[in-house]
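# Examination of the molecular architecture
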Amino acid sequence: MSSEYLVEVSHLKQYFPVRSGFKTIPLKAVDDVSFNIKPGETLGLVGESGCGKTTVGRTLLRLYKPTSGSIKFEGEEVTEKNIHALRKEMQMVFQDPYSSLNPRMTVEDIIGEPLDVHKLYSNRAERHEKVISLMETVGLNAEHATRYAHEFSGGQRQRIGIARALAVDPKFIVCDEPVSALDVSIQAQVVNMFEDLQAERGMAYLFIAHDLLVVQHISDRIAVMYLGHMMELAESDELMNNPKHPYTQSLLSAVPIPDPETARNSKRIILEGDVPSPLRMPSGCPFRTRCKYATEQCAMAMPELTDRGEGHMVACWNR
Amino acid sequence: MADYKYVIDVQDLHTTFKTDKGDVHAVNGVNFRLEPGKTLGIVGESGSGKSVTSYSIMQILANNGRISGGKVLYKGEDITKWDAKKMAGFRGKCCSIIFQDPMTSLNPVFTIGYQLEEAVLLHTNRNRKEAKERAIEMLTLVGVNEPEKRVDQYPHELSGGMRQRVMIAMALACEPDILIADEPTTALDVTIQAQILELMQDLQKKLGMAIIIVTHDLGVIASMCDEIIVMYGGRVCERGTADDIFYAPAHEYTKGLLRSIPTTENNGQRLVPIGGTPINLLNMPKGCAFCPRCDAAMKICLTEVPEELQVGENHRAACWMNVKKMYEEANA
């Protein structure tokens, strides 16, 4: 392998055309985002709804064609690679375990489909065997292989989705809010399973979520996005304990802490107003309209993501 | 009206839904009461009966649901005996509710102002013009910018956080004594969630209503409740102050719940999940609802429903483990 990184994203842009009256204007869902993921690493991606975090995940898998920029997987440009071969290396786990499973297929066929697509078995018996072993890996009862998705609870369905992603033995999985739809007590089961699977198989994750406490728990590094831009990227503990970007600071202070003592003593930085529409993005830094440190410079240009020591990257003029 | 100490007093509430597969007992004997101006938090997972409890108070259950036992006393009067007309006067005027998803709970074909005025016109004898003034006054109170312009806008023109503010404005327009907030911030982003929670606390100080906040998020209730109720399988497992629940949990379910959430302290350690799957209300265990998932379950848990037991000053829990502990202490 030519590079130490599994996934290298540089200056990725993903615009969607939106009709506005007679004109078509671009919605800049992801605007100039760069990051890398090492093999076996978990990168957490957080941000509010509409910040482009899901779009980043989907673009990596080529569910969208990027507007510009480069995505390299194992040193090879993703857009030039055969999509069939690519999807054997990277897979996705979706947020909603209810709508991401085909209600007309049995669990065996859902998990077996990637095996069919990539022809990973020589006969029916081998396929069945592989499906059963995958089901056992994710903690599902092998006797349930002939059942349909609606017969399972939310947590079990998410396990089916994970087994399907694991079927091709990928090196990289994009997890798009995989635990958001689950109950608190079930969330921990699934988070633990993600960690165990990574320890066994050495996969890398891009873990997209809005629950910062879960992301902190599972990630090695965390990236914070706001309106299509990357604001801060650092080691997980460093980001949580020493956030530098004003947006990260207010985001962290807004997280409800399940501890009465800390909650009483902590001072919340309440952000004024709402996230601006991505169709009417402010000039320069997109956060400046809600930022208390904003200066004239912020309106002029978007700051670069620069290293402030030990890989702590921040994109802010003033901090 | 009779003297009352509690603005709402729920006594042994049972709510049942008729389904094709049999009766579903969503709420099985819930008790709680709330003093004026205080905040009660109800936590639980899906299927714990927390939302059904609040719908039962408002009597806005689905058609197949009914209150099958118990009393709901509002200022000392049992409102489960009230007829539909009297209840219509209760909702909005005495007790209001805000729902999880502000998009589906606002009517998309009417303006914000129309929907706000509707409540005012229904419950007070103000005329249209005064109602509109009241609507603008309420929007200002909940921090909606340019309220004069907003009253003529439709729900789709507002962001999620703004819509939830409108919902709160609507709920508080007639100055109810109780505000029920059913997962008020679940559909919102964290920064907006912080704004809305802060707003609710502010308004409580200004208007003095009691709040019942129903949520699955332990973080939300940690800071703002006078009392917390933990529900599982339609029953109350544990009740107490935030400090009681978080620092001295006395029910195995509460303990499990607290172990399973990631916090800043247990970072890097493995989470300890609660095993098994959430309860199936059609097939309730005979004894304690939590016993199929409980590591500490004993023989008695399978057959007998535990009673609530005093474990602290204002702290009660319904778990046989506490009985066992007391017995052991008495014999030691």
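Note: the structure precedes this text.
Just so you know, these numbers come straight off a predicted model, no measurement behind them.

Residue and element names in this part refer to chain A. The four strands lie next to each other as E2-E1-E4-E5, forming an open sheet whose pairing is antiparallel. Each of the sheet's edge strands pairs with one partner strand only, and the pair in question is strand E2 (23-37) and strand E5 (76-77). Here strand E4 (residues 68-73) pairs with E5 via two bridges, running antiparallel. Within E5, the residue paired with Phe73 across the bridge is Glu76. Running over the sheet, helix H1 (residues 53-60) touches strand E1 (7-20), E2 and E4 and is turned about 75° from E2.

Residue and element names in this part refer to chain A. Axis separation between helix H3 (residues 107-117) and helix H5 (residues 154-166) bottoms out at 7 Å; the angle between their running directions is 30°. Accordingly, the angle class assigned to the pair H3 and H5 is roughly parallel. Two packed elements cross with a definite hand, and for H3 against H5 that hand is right-handed. In this structure, H3 uses Val107, Ile110, Ile111 and Pro114 to contact H5, whose residues at the interface are Ile160, Ala163 and Arg164. Of the residues in the contact of H3 with H5, the class split is six nonpolar, no polar and one charged.

Along helix H11 (residues 252-260) of chain B, the residues classified as buried are Glu252, Tyr253, Thr254, Gly256, Leu257 and Ser260 of chain B. In this fold, the buried residues of H11 of chain B make contact with helix H6 (184-201) of chain A together with strand E9 (227-232), strand E10 (235-240), helix H10 (242-247) and helix H13 (320-331) of chain B.

In this section: unusual backbone geometry. Residues other than glycine predominantly adopt negative phi, and peptide bonds predominantly adopt the trans conformation. Unlike most non-glycine residues, Asp32 of chain A shows phi in positive territory, near 60°. Here Asp32 of chain A lies in strand E2. You will see that Glu183 of chain B, though not glycine, has its phi angle at about 50°, which is positive. Structurally, the position occupied by Glu183 of chain B is in the loop between strand E7 (178-182) and helix H8 (190-207). The class for Glu183 of chain B is partly exposed, based on 19 C-beta atoms found within 10 Å.

Residues and elements named next belong to chain B. Of all six residues making up strand E8 (residues 210-215), six are buried, and the element is well covered by its neighbours. Alternating residues of E8 divide into Ala210, Ile212 and Val214 and Ile211, Ile213 and Thr215, and every residue in both groups is buried. In this sheet, E8 lies alongside E7 in parallel orientation, the contact comprising five bridges. Bridging across to E8, Asp182 finds its partner in Val214. Handedness of the E7-H8-E8 crossover: right-handed.

Right, let's talk about the interface of chain A and chain B for a bit. In this complex, chain A contributes 31 residues to the contact, which on the side of chain B involves 36 residues. Where the side of chain A that touches chain B is concerned, the elements lending two or more residues are H6, helix H7 (212-218), helix H9 (246-254) and helix H10 (260-265) of chain A. Among the elements that line the side of chain A that touches chain B, the one with the most residues is H6 of chain A, at six residues. Residues belonging to the side of chain A that touches chain B are distributed by class as follows: 15 nonpolar, ten polar and six charged.

Here we come to helix H4 (residues 124-137) of chain A. The periodicity of an α-helix, 3.6 residues per turn, causes residues three or four positions apart to be oriented the same way. All names here are of chain A. With 14 residues, H4 should cover 20 Å at 1.5 Å per step; its first-to-last C-alpha distance of 20 Å lies within 8% of that length. Considered for burial, the residues of H4 that qualify are Val131, Leu134 and Met135. Looking straight down H4, one finds its buried side chains confined to an arc of 100°; they lie on one side. Those residues of H4 that are exposed and angled more than 90 degrees off the buried face are Ala125, Glu126, Glu129, Ser133 and Glu136. Residues of H4 that are buried in the fold lie against H3 and H5. One or two residues past the end of H4 sits Gly139, with phi positive at roughly 80°.

Here we come to the pairing of E4 of chain A. All names here are of chain A. Looking at chain direction, E1 and E4 are connected through five bridges and run antiparallel. Counted as the bridge partner of Glu8 is Lys72 from E4. Linkage of E4 to E5, two consecutive antiparallel strands, is achieved through a turn of two residues, within which Glu74 is found at a positive phi near 50°.

In this section: the environment of Ile178 of chain B. All names here are of chain B. Here Ile178 shows up in strand E7. Separated by 31 residues in sequence, Ile178 and Met209 place their C-alpha atoms 5.4 Å apart. Ile178 has contacts with Val7, Ile8, Cys94, Cys95, Met209, Ala210 and Ile212, leaving out every residue within four places of it along the chain.

All names here are of chain A. Looking at the secondary structure, you find Tyr148 in the loop between H4 and H5. In sequence terms Tyr148 and Leu27 are 121 residues apart; their C-alpha atoms lie 39 Å from each other. Once you skip the residues sitting within four places of it in the chain, Tyr148 turns out to touch Pro103 and Thr106.

Rules and cut-offs
Residues numbered from 1 in each chain as written. Chains lettered and ligands numbered in written order. Predicted model: local features only at pLDDT ≥ 70, side-chain atom pairs only at ≥ 80, totals over all residues. Pairing = 2+ DSSP bridges. Helix = DSSP H or I, 4+ residues; strand = E, 2+ residues; numbered from the N terminus. Contact = placed C-beta atoms within 7 Å. Axes fitted to C-alpha atoms, helices over the stretch in contact; angles between N-to-C directions. Parallel < 35°, antiparallel > 145°, perpendicular 65-115°, else oblique. Left-handed = near helix turned anticlockwise from the far one by under 90°. Nonpolar A, V, L, I, M, F, W, Y, C, P; charged D, E, K, R; others polar. Buried ≥ 20, exposed ≤ 12 C-beta atoms within 10 Å, placed from the backbone. Right-handed = clockwise from strand over helix to strand, strands pointing away. Expected span 1.5 Å × (residues − 1). Arc of directions from axis to C-beta.

As far as function goes, none of this settles anything; it's purely spatial.
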